[in-house]
Every structure is written in structure tokens, then in C-alpha cells.
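Read off the chains here:
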Amino acid sequence: NLSAASSSGTTGPMSEKQKARLLMEKKRQREVQEAKEARQKTSNLIKQDKYVRENDENWTSKQSAACVKSGSGINTFRDKFGEN
């Protein structure tokens, strides 16, 4: 029981395990904060795009980058083999 009592005290220098846990916790908190900021940034961009679409008379819809990249549309069974 002596080891349990001495390991629970935080008066001495931190062990490598404690340092690792502390670093992992700080890293996790930083990642959570960065993810939150990224979501906020994306949300602001979406709101800005929505405003532009609604208020810009010159705005027109365009093909998505995925369609332009592939060079061809989606082929269905009917496109390949016809109606019958």
C-alpha cells in the first residue's frame, strides 16, 4: 500500500507517464479547438456564399468540380442498353 500512497501524491516531480498524459490532454484540447474554429470558418463561408447567391444578379450555377474533372456524366443502365 505504500506504493499506492506515494504514486497518488503530486508533490514530487512528474513521472514520464504523467507528462505523456498531460501532453496528450493538451494536444486533444488543441485539436478540439482547431476543429471548432474550422467549423466556424466553414459556416461563415457557407453564409457568405448563400448571401451572394441570393443578392448577386450575375451569379449563375456552374458544374461542380467533380463533373468537370471526370469529363463525362453519370451513365445509367438505360444509357448503355436502352429502354427495352
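Anything mentioned here points back to the structure above.
What comes next concerns the included structure. Predicted model, so just to flag it, every value in this text is computed and none were measured.

Calculation criteria
Residues numbered from 1 in each chain as written. Predicted model: local features only at pLDDT ≥ 70, side-chain atom pairs only at ≥ 80, totals over all residues. Heavy atoms only, no water. Helix = DSSP H or I, 4+ residues; strand = E, 2+ residues; numbered from the N terminus. Buried < 20%, exposed > 50% of the residue type's maximum accessible area, 1.4 Å probe, protein only. Areas by Shrake-Rupley, 256 points an atom, 1.4 Å probe, with all protein chains shown as cover. Patch = residues over 30% accessible without salt bridge, like charges linked within 9 Å, V, L, I, M, F, W, Y side chains within 5 Å. Salt bridge = Lys/Arg side-chain N within 4 Å of Asp/Glu carboxyl O. Phe/Tyr/Trp six-rings, centres within 6.5 Å; stacked < 30°, edge-to-face > 60°.

Before going further, it helps to examine the overall build of the chain. Counting secondary structure elements, the chain contains four helices and zero strands. Going from N to C terminus, the chain has its helices and strands arranged as α-α-α-α. Put simply, the chain has 84 residues, and 0% of those count as buried. Carbon and sulfur atoms provide 54% of the accessible area of the chain, an area that totals close to 8500 Å².

Bringing a nonpolar patch on the surface into the picture now. There is a patch of nonpolar side chains on the surface, built from Y51, V52 and W59 and spanning about 320 Å² of accessible area. On the secondary structure map, Y51 appears in helix α2 (residues 16–55). Assessed through its relative accessible area of 55%, Y51 is described here as exposed.

Under the counting rule described, the total for this entry stands at three salt bridges. A salt bridge links E16 to K19, with the shortest nitrogen-to-oxygen separation between them at 3.6 Å. Taken together, the residues span about one helical turn, with E16 and K19 both in helix α2 at a distance of three residues. In this structure E16 comes out as exposed when scored by relative accessible area, which is 61%.

Quick look at the packing of aromatic side chains now. Across all of its chains, the model carries one aromatic pair by this definition. An angle of 45° between the planes, with centres 4.8 Å apart, marks the rings of F77 and F81 as tilted. Here F77 pairs with F81, and both are found in helix α4 (residues 77–81), just four residues apart, close to one helical turn. This pair shows no difference in class: F77 is exposed, exactly as F81 is.

Note that every value here comes from positions in space, so none of it alone points to a role or purpose.
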